[in-house]
Amino acid sequence: MIIIAVMSRLICSALVLWVDWCIPVVAHDGDWLAEVGYRRLQARLGEALPKGRNVSLTQVEAPDDGGGHLPQDGSGAFVGRDSFEGKAFRSHSSVTGSSDHARIVGHFLYGVQPMISFGTFSFSPSVKDVDLYRAGVREYLSTDFLKPSPSEGPMQEVNAIQNHSWSGQMGTASVDYMNERLRRMDYSVSRDDYLCVAALDNGEDSPIPPLMASAYNVLSVGCSHGKHSRGRTHPKLDGGGRTKVDLVAPLSATSFATPVVSSAAALLLECVSRSDEFSNASHNEVLRAVLMAGAVKTPFPQWSREMTRPFDSVYGAGQLDINRSHRVLTEGDWRYATITKNRDHEITFEVNAPQMDASVVLIWNRQVGMKRGKVSSVGVADMALRLYKEDILTGDRYLVQESDSRNENREHVYVRGLKVGRYVMVLETDREVSYGLAWHLGRKPTPSLVWNDQSMQADGLMPGEYYEWQHTADLKAWTVVEAFEAKRETQVFDVELGEAVKGFYRLTWARSEAES
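Each value, and the rule that gives it
- Residues numbered from 1 in each chain as written.
- Predicted model: local features only at pLDDT ≥ 70, side-chain atom pairs only at ≥ 80, totals over all residues.
- Heavy atoms only, no water.
- Phe/Tyr/Trp six-rings, centres within 6.5 Å; stacked < 30°, edge-to-face > 60°.
- Helix = DSSP H or I, 4+ residues; strand = E, 2+ residues; numbered from the N terminus.
- Buried < 20%, exposed > 50% of the residue type's maximum accessible area, 1.4 Å probe, protein only.
- Lys NZ or Arg CZ within 6 Å of the ring centre and 35° of its normal.
- Core = buried A, V, L, I, M, F, W, Y, C linked by side-chain atoms within 4.5 Å.
- Contact = heavy atoms within 4.5 Å.
- Axes fitted to C-alpha atoms, helices over the stretch in contact; angles between N-to-C directions.
- Parallel < 35°, antiparallel > 145°, perpendicular 65-115°, else oblique.
- Nonpolar A, V, L, I, M, F, W, Y, C, P; charged D, E, K, R; others polar.
- Polar contact = N/O pair within 3.5 Å; in protein donor to acceptor, adjacent residues only side chain to side chain.
- Pairing = 2+ DSSP bridges.

### Let's talk about the packing of aromatic side chains
Inspection of every chain in the model, using the stated rule, returns 17 aromatic pairs. Ring centres 5.4 Å apart and planes at 70° place the aromatic pair Trp303 and Tyr414 in the edge-to-face group. A residue pair is termed long-range when its members are at least 10 positions apart, and Trp303 in the loop between helix 6 (284–293) and helix 7 (322–330) and Tyr414 in strand 19 (residues 410–418) qualify at 111 residues. For Trp303, a relative accessible area of 8% gives the class buried. One aromatic cluster in this structure is built from Trp32, Tyr38, Phe108, Phe121, Phe123 and Phe256. Here Arg181 stacks its cationic end above the ring of Tyr177, 3.5 Å away from the centre of that ring. Between Lys297 and the ring centre of Tyr414, over which it is positioned, the NZ or CZ distance is 4.3 Å.

This is the structure we're talking about:
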C-alpha cells in the first residue's frame, strides 16, 4: 500500500498554520465504523437512525499550498454537487479555490455518498447548511469571525457545530496574540452556545497547538493510534500546563478524526431536536460530556487517570463510541444545571446488576466577559466531582473515586467493576457556573467457557479485564485454576483432564479494586 503524505504550511504574521494529513485516511484495515459503535447503533435503530437532519455546520480550513480551502470551487452562496449534492454552502472568503483536504473533511462531515477509495463516511449526510471559513490571520482569526478589534466582538455563530481540522502553532507570534484569540473563541462558544471541535497536531512529538485545541471551551480530538500532540498547553497561555486531549477516533490523522466526532455530534443533535425532554442536551457543555462519557477505554490497556489529572494524557476520555453516547443521551443519563458556591449538587443512581464500568464526565465553560468588543474579564470555576457508595440502611457514604483538577474545566470519574448498590455523585464549585454532566454504566457481558477436545475456550471476554477460571468437584467449594488478563475476546487454554481434575468449571470476573 502506497501512502502519499501531503503537508501544507502557511506562515503569516509569524503564526504557523498547519494542515497535516495523509492518504489513505483509515489508520488500519479494520472496520472503523464498528470500532466507534456505529454498526451497533445502526443495527439497534434501523430506519430510525438519525442522520443530522436540521443541524447546520461550520467548516474552518487552513489553505493548501495553492490557497484553496473549500470542499469544492465556489464563492458566496453556492450549491453543492456530486457527493455534496443538496448542500447549501456559504463562503466567507473572497478566495474561491478548493482543496483535497477540505473535500475529504467535508465527506466525513456531511458527504451524501462515501468516498470508498479513501474510506470516508459521514454519520450526518442530512446536514444541509454549511458555512465555510478560511483560517487565515486576516480571515477567520481576524475580520471574518473572531474580530480582535477594540470595538466589536466575534461574529454571531448561528450553526450548531464548528469543525477545525487545522491547527496553529506559536511560531514567533506573541503570547498576547494567542491569548486574545483563545479568549474570543471561548467567549463565542459560551455566548452562542455551539460545539467547537478542534484537531490536535499529528505526531507524538508535537506540542499541543495553541490554536484552536488549547481553548478551554472546545472539544480537542486526537487519533486512537496515539500519534498526535501530547503533553500540556503552552505554559504562558491562559491556564498553561493543562492536558488537552478529550477524545480520539481510529483514523490516520487528526484532520479526519475531528470531523468524525463533529459528525457524531450532529447525529446526536438530531435526536435532541426530536424531543422537548432533550432540549437542554443541545448546550455545548452537555454535548461534550455525553460524547466523552460514552467513550471506551478497552482499546487502550494503558489508559490511566489520577485525582488531579482525571483524563489520560494520550487518549483523553477514550475512543469515540456513538452507540454508547446515544444511549447516554436518550436514556436521560445527563444533567444541565447551574451551581453556586456552598450549594453542592447531588445525583443519585441505583445499580441493580454488576457493571463492567462507570464513566462520569463533568464539563463547564471558561467565563469570558466582553464590553464594547474588548475582553474585560476572564475566569474559570474550580469544580470537583466525587462518587460515593451509600449504605441504604444507615445513609453512610464511602468515597469510591474523586476528580479534582485545579486548572481544568473538566472532571472525570472512571471506575472498573461497580457492585450492586446505591451511588451518589456530588458536584462542588467555588463560584456560580452552568455545567453539563453525563454518565454511562457498562453492564458486564457474561463470559462463557466451552470444552473443545484438549482445550478450554473462553468467549465473551473484555480485553484488558481480569478473569478467573475456576474448578469444583461438588459445586460448593470453588478453586482458582488460573487467573489471567484478557488479551482478546476469545482465548483458548490447552488442558489435559485426568481423573484428579474432573468436575465442573466456570469462568468469572476477577474481583477488582473497586469491588473489594
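Don't stop here, the text continues.
### Brief notes about the nonpolar core
If you look at the biggest cluster of nonpolar residues, it comprises 64 residues, and the most contacted ones within it are Tyr110, Phe123, Ile161, Leu247 and Leu291. Among the elements that make up this core, the one with the highest residue count is helix 5 (residues 254–274) (twelve residues). The contact partners of Ile161, leaving out residues within four places of it in the chain, are Val55, Ser56, Leu57, Thr58, Leu195, Val197, Ser262, Ala265, Ala266 and Leu269. Listed in part, the 25 residues of the second largest apolar core include Tyr140, Leu141, Tyr194 and Leu237.

### Notes on the packing of helix 2 (residues 38–45) against helix 7
Two elements in contact, helix 2 and helix 7, have axes separated by 7 Å at closest approach and are oriented at 50°. One way to sum up the angle between helix 2 and helix 7 is to call them oblique. On the side of helix 2, the interface is formed by Tyr38, Arg40, Leu41, Arg44 and Leu45, while helix 7 contributes Ile322, Asn323, His326 and Arg327. Here the residues of the contact of helix 2 with helix 7 are counted per class, giving four nonpolar, two polar and three charged.

### A short note on the side chain of Thr233
Locating Thr233 in the fold gives a position in the loop between strand 10 (219–223) and strand 11 (247–249). A polar atom in the side chain of Thr233 sits 3.0 Å from the backbone nitrogen of Gly241.

### Observations concerning the sheet that holds strand 25 (residues 479–485)
Spatial ordering of the open sheet is given by 25-24-27, a layout of three strands whose pairing is antiparallel. Where the open sheet ends on each side, the last strands, each with one partner, are strand 25 and strand 27 (504–509). If you compare each strand with its neighbour and ignore which way they point, the axes differ by 20° on average. Where strand 24 (residues 466–472) lies against strand 27, six bridges are found, and the strand directions are antiparallel.

### Comments concerning the environment of Tyr38
Note on placement: Tyr38 falls in helix 2. When its relative accessible area of 4% is taken as the criterion, Tyr38 is described as buried. The spacing of Tyr38 and Phe123 is 85 residues in sequence and 8.3 Å in space, taken between C-alpha atoms. Look past the residues within four positions of Tyr38 in its chain and what remains in contact with it is Leu33, Leu49, Phe121, Phe123, Leu267 and Ile322.

### A word on unusual backbone geometry
Of note, the amide linkage connecting Leu211 to Met212 takes the cis form, showing an omega dihedral of -10°. Within the secondary structure layout, Met212 lies in the loop between strand 9 (195–199) and strand 10. Here the phi dihedral of Asp193 falls at roughly 55°; this positive angle occurs in a residue that is not glycine. By secondary structure assignment, the location of Asp193 is in the loop between helix 4 (175–192) and strand 9.

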